[in-house]
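Take a look at the letters that make up each chain.
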Amino acid sequence: MEYQVKPAEGRLGILLPGLGAVATTFIAGVEAIRKGFSQPVGSLSQMGNIRLGKRTDNRNPLIKDFVPLANLNDIVFGGWDVYEDNVFEAAANAKVLEPMLLHSIKPELEAIKPMKAVFDKAYAKNLDGTHVKEAATKYELAEALMEDMRTFKEENGCDRLVIVWCGSTEVYTEVSDVHQTVAAFEEGLRNNDPRIAPSMIYAYAAIKMGVPYANGAPNLTVDIPALVELAKEKGVAISGKDFKTGQTLMKTIVAPGLQARALGINGWFSSNILGNRDGLVLDDPDNFKTKEVSKLGVLEDILHPEDNPELYGDLYHKVRINYYPPHGDNKESWDNIDIFGWLGYKMQIKINFLCRDSILAAPIVLDLALFTDLAQRSGMSGIQEWLSFYYKSPQTAEGLRPEHDIFKQLIKLQNTLRHIMGEDLITHLGLDYYEDMVEESL
């Protein structure tokens, strides 16, 4: 299939449900980068290179110079939040970025005020929303969100919009009959079905408006049959779920290495402390279960214990997250990994990762917004599995097992970019170089 990639002309509006620590760190970061105060470290779209052709061709452009991404100077920010603080106030409250940096871009941040959010306390019991939309039905709430998108696009002179969910983790939800078809889902919206979460209302409204949607939380959102069907029908790009930042990022780096060397694993114990709004929400067991399911599937899908029972058949995997306010946005994780090698001799790996959750998530938001916009302009509708590089629990077509190995995910992403731009895919086989040498010597 050949893709006709439309140019990134005009302004791109990036709309963010949830203007908390992650979203405000992302917005403030882009504003600082635009003013030349900082660099977009951690952003593959801005600082990553991509090899084109053979190694001997020495073609390694920056990704942003290879594919037509929206320019950072052509981006406009907006969003919704349950609190009415502007982005400067919200960023100051989050305490992720230094006050001096925030004050250097204060006018730009103060100008971004949240729209009233769609909120249901049943899905985030530890939050008390005060800046919330009121309507008789969930369908009317979806219509109100669509009107927000129209108004934002018009008032800000945007040519295109993209939505990246940066809101809280919702309580654990499983697919049920109301999620199966578009007709059943719309009927559920009209009847205020309690199984339709706020994030689903945002996603439905976005897809109906033709706006691509990336899900940054482990919520059941666009990964339900009804919204997958609607995305295909409307030609809208969707992806998810759950930004891959701290501990899970480490797992998708370390586990593939152990598997590659055929080293066995008996157990992997993971513990976290986190003190921001996300930590507060996850302090509720129902919300934690959503995150736990997202995090637990990673090792199984990398190691395939059913194919390697001698190495991984008895793996014990435990994950814990604890709310600890003094740490704020500075997440700390501990991993104890019990491994065994030649003749079954036991060894251990211990990882203590003192990370900054929003600092790791902000460049993911940027890349997802830009790449999702690229996908939409390329006519790539439906599930964008090539963006699984950024997610803890990548969304795939029904029946497909997700790929969690970060190195394979990167190859998938880069080959997708090569493919849509008409470049040869790279397999890393490398035999052709040596076969050519043999032929030349004959």
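Residues numbered from 1 in each chain as written. Predicted model: local features only at pLDDT ≥ 70, side-chain atom pairs only at ≥ 80, totals over all residues. Heavy atoms only, no water.

Under an unreviewed UniProt entry, the chain has the name Myo-inositol-1-phosphate synthase and belongs to Pontibacter lucknowensis. According to UniProt, the comment filed for the chain under the heading Sequence similarities (unreviewed entry) is "Belongs to the myo-inositol 1-phosphate synthase family." (UniProt positions renumbered as here; feature names shortened; annotations may be inferred.)

(A) Broad picture of the overall build of the chain. Counting its secondary structure elements, the chain contains 17 helices and eleven strands. Expected size for 442 residues packed as a compact globule is a radius of gyration near 22 Å; at 22 Å, the chain falls within 12% of this value. Seen through its C-alpha atoms, the chain measures out along the principal axes to roughly 75 × 50 × 45 Å. Every one of the 442 residues in the chain was classed for burial, and the buried ones make up 55%. (Helix = DSSP H or I, 4+ residues; strand = E, 2+ residues; numbered from the N terminus. Rg over C-alpha atoms; globule rule 2.2 N^0.38 Å. Buried < 20%, exposed > 50% of the residue type's maximum accessible area, 1.4 Å probe, protein only.)

(B) Quick look at the pairing of strand 10 (residues 346-354). As defined by bridge partners, strand 9 (residues 332-340) adjoins strand 10 across nine bridges and the pair is classed as antiparallel. Note that in strand 10 the partner of Ile339 across the bridge is Met347. (Pairing = 2+ DSSP bridges.)

(C) Looking closely at the nonpolar core. Among the nonpolar cores identified, the biggest contains 61 residues, and Leu16, Phe26, Phe371 and Leu417 are the most heavily contacted of them. Once residues lying within four places of it in the same chain are set aside, the contact partners of Phe371 are Ser45, Ile63, Leu69, Trp386, Leu387, Tyr390, Leu413 and Leu417. Listed in part, the 47 residues of the second largest apolar core include Tyr204, Ile207, Val211 and Leu227. (Core = buried A, V, L, I, M, F, W, Y, C linked by side-chain atoms within 4.5 Å. Contact = heavy atoms within 4.5 Å.)

(D) Structural view of the domain arrangement of the chain. Here the chain is partitioned into domain 1 (12-243 + 358-421) and domain 2 (247-354). Each of domain 1 and domain 2 was reduced to a C-alpha centroid, and the two centroids are 26 Å apart. (Domains from an automatic or database assignment.)

(E) Up close: helix 11 (residues 247-260). The end-to-end C-alpha distance of helix 11, which contains 14 residues, comes to 20 Å, matching closely the 20 Å that a straight helix rising 1.5 Å per residue would cover. For helix 11, every residue scored as buried is listed here: Gln247, Thr248, Leu249, Lys251, Thr252, Ala255, Pro256 and Leu258. Immediately downstream of helix 11, the backbone of Ala262 shows phi near 55 degrees, a positive value. (Expected span 1.5 Å × (residues − 1).)

(F) Region of the structure containing the sheet that holds strand 1 (residues 11-17). What the seven strands build is an open sheet, ordered 3-2-1-4-5-6-11; its pairing is parallel. Strand pairing shows two members of the sheet lacking a second neighbour, strand 3 (115-116) and strand 11 (382-383), which therefore form its edges. Here two bridges tie strand 2 (residues 75-81) to strand 3, and the two strands are oriented parallel to one another. By the bridge assignment, Asp81 is partnered in strand 3 with Lys116.

(G) Here's a closer look at the sheet that holds strand 8 (residues 316-323). Within the open sheet, the four strands sit side by side as 8-7-9-10. Their pairing is mixed. Sheet topology places strand 8 and strand 10 at the edges, where each strand pairs with a single neighbour. In this sheet, neighbouring strand axes are inclined to one another by 10 degrees on average, regardless of whether the strands run parallel or antiparallel. Across the sheet, helix 11 is in contact with strand 7 (264-274), strand 8, strand 9 and strand 10; its angle to strand 7 comes to roughly 165 degrees. (Axes fitted to C-alpha atoms, helices over the stretch in contact; angles between N-to-C directions.)

(H) Geometry of the layout of surface pockets. By volume, the largest pocket amounts to about 990 Å³. As for the largest pocket, its lining consists of 35 residues, and the residues nearest its centre are Asp223, Pro394, Gln395, Thr396 and Ala397. Those elements that provide at least two residues to the lining of the largest pocket are helix 10 (225-234) and helix 13 (285-303). Per element, the largest residue contribution to the lining of the largest pocket is five residues, and it comes from helix 13. Shared between two domains, the lining of the largest pocket takes at least three residues from each, and those domains are domain 1 (12-243 + 358-421) and domain 2 (247-354). (1 Å grid on protein atoms, 1.4 Å probe; cavity = no way out; pocket = protein on both sides within 12 Å on 5 of 7 lines; lining within 4 Å. Points joined across faces, edges and corners; volume = space filled by probe spheres on them.)

(I) Up close: the pattern of salt bridges. Scanning all chains against the criterion turns up 18 salt bridges. Linking Arg59 and Glu423 is a salt bridge whose minimum nitrogen-to-oxygen distance equals 2.8 Å. Here the residue Arg59 occupies a position in the loop between helix 2 (44-47) and helix 3 (63-66), and Glu423 occupies one in the loop between helix 16 (406-420) and helix 17 (431-441), the gap between them amounting to 364 residues. Note on Glu423: relative accessible area 23%, which makes it partly exposed. Among the salt bridges present, the one from Arg150 reaches Glu147, with a minimum N-O distance of 3.0 Å. Residue Arg150 and its partner Glu147 are both found in helix 7 (residues 138-155); the two are separated by three residues, about one turn of the helix. What makes Arg150 partly exposed here is its relative accessible area of 40%. (Salt bridge = Lys/Arg side-chain N within 4 Å of Asp/Glu carboxyl O.)

(J) Spatial organisation of the packing of aromatic side chains. Across all of its chains, the model carries eight aromatic pairs by this definition. When the centroid spacing of 5.2 Å and the interplanar angle of 70 degrees are considered together, the rings of Trp80 and Tyr202 count as edge-to-face. Of this pair, Trp80 sits in strand 2 while Tyr202 sits in helix 9 (residues 198-208); the two residues are 122 residues apart in sequence, bridging distant segments of the chain. For Trp80, a relative accessible area of 0% puts it in the buried group. A residue is classified by how much of its surface remains accessible, and Tyr202, at 2% relative accessible area, is buried. An aromatic cluster of at least three residues, connected via ring pairs, comprises Phe371, Trp386, Phe389 and Tyr390. The ring of Tyr139 has Arg190 sitting right over it, with the charged end atom 4.4 Å from the ring centre. (Phe/Tyr/Trp six-rings, centres within 6.5 Å; stacked < 30°, edge-to-face > 60°. Lys NZ or Arg CZ within 6 Å of the ring centre and 35° of its normal.)

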